Amino acid sequence: MSGHLKRTKETADLAAATAVLKQGYVCTLAHVDPETGGPRCVPMVYAYHEEGDERLLYLHGSVYWPPQTGLSPSLRQLWNDAGVHVCLAVTVLDGLLVGRAAISTSLNYRSVVVDGIARTVDPADRAKAFEALSDQVIPGRWPELRPIKDGKGGKVSELDSDKQHTPTVGVLSISLTENTTVVRLKRHHAAEPEHETQEDWDWDHGNAWGGVLPMRQVYGPAIPDSHVKDKEAAPPGSVQRLIGRTT
């Protein structure tokens, strides 16, 4: 990643931070509510994108709505041409640390926190952002999708929908190479429960077992929706490649 990225002792391994951002696709985005001054957070789909020396996170969510819908201004404010200071977190769980006591029960995980400015994605870049988002969630899905609407022929544009007065989805971006952006990586990988003593190891009331239970994400069989005409038809290649895959 770019040398402009602020380094802290948590970001000593930037390759590991990038690996976490590439593996996940759901983040929690936090910002300040302009009405109450209090914190707000919302889950969003995201994608990590590289282009030359630029490193971006694209964020996607149904948070652009016209004022008359009554949606909280804390969400509407994110669609601000000047950008909004936000903080987002992505966590990948690798295992459960099964302890003999409450204090020694924990998790093995990798977590990345990004502190930066979220900006509305320019209409010219929205197709690129949607491609990155589609392929982060389902690799190879983009060529199988209905072509994105560009507004030609009098049709509604999906590339400029942030400027319209109809409920829709929006796309934001955070530059990871901007000199004000801070990316922090934190990892915890223990081979056995911590904070235990001989008293815990000798405990003979109940099942005094300790160890690690690895965690993986597994994709199950595809379930067609009601609009699939041939229920016996195989799902597209991108979906088939996920079925049974473990991450």
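The present account deals with the structure reproduced in this document. The model shown is predicted, which means the values in this text are computed figures rather than measured ones. All chains use their own residue numbering, which begins from 1 and follows the written sequence. Local features in a predicted model are, by the rule used here, given only for residues with pLDDT of at least 70; side-chain atom pairs are given and counted only at 80 or more, and totals for whole chains, interfaces and linings are based on all residues. The side-chain figures draw on all heavy atoms in the structure; neither hydrogens nor water molecules are used.

1. A few points about the pattern of salt bridges
It is possible for side chains bearing opposite charge to pair when their charged atoms get close. As a reminder of what qualifies: The term salt bridge refers to a side-chain nitrogen of Lys or Arg lying within 4 Å of a carboxyl oxygen of Asp or Glu. Think of it this way: any DSSP run of H or I at least four residues long counts as a helix, any run of E at least two long counts as a strand, and we number them from the N terminus.
This model, assessed by the stated rule, comprises nine salt bridges. Here Lys 128 ties to Asp 125 by a salt bridge, and the two come within 3.5 Å at their closest N and O atoms. Of this pair, Lys 128 and Asp 125 are both found in helix H3 (residues 123-137), three residues apart, which corresponds to roughly one turn of the helix. One network of salt bridges, with partners in common, ties together Lys 22, Glu 50 and Arg 55.

2. Here we look at the side chain of His 188
Test applied: Definition of a polar contact: a pair of N or O atoms within 3.5 Å, with one able to donate and the other able to accept a hydrogen when the atoms are protein atoms, and with sequence-neighbouring residues admitted only if both atoms are side-chain atoms. Contact definition: two residues touch when any of their heavy atoms are within 4.5 Å.
Position of His 188 relative to the elements: it lies in strand S7 (residues 182-188). A polar atom in the side chain of His 188 sits 2.9 Å from the backbone oxygen of Leu 107. Among residues more than four places away in sequence, those in contact with His 188 are Leu 97, Ser 106, Leu 107, Asn 108, Tyr 109 and Glu 194.

3. As for the side chain of Asp 94
As a reminder of what qualifies: Per-residue accessibility, obtained with a 1.4 Å probe over protein chains only, is compared with the maximum for each type, and a residue is labelled buried under 20%, exposed over 50%, and partly exposed between these values.
Mapped onto the fold, Asp 94 is located in strand S4 (residues 84-98). Look at Asp 94 and you get buried, because its relative accessible area is 17%. Within the structure, Asp 94 has its side chain in polar contact with the side chain of His 189 (distance 2.8 Å). Non-local contacts of Asp 94, meaning those with residues more than four positions away in its chain, are made with Asn 108, Tyr 109, Arg 110, His 189, Pro 214, Met 215 and Arg 216.

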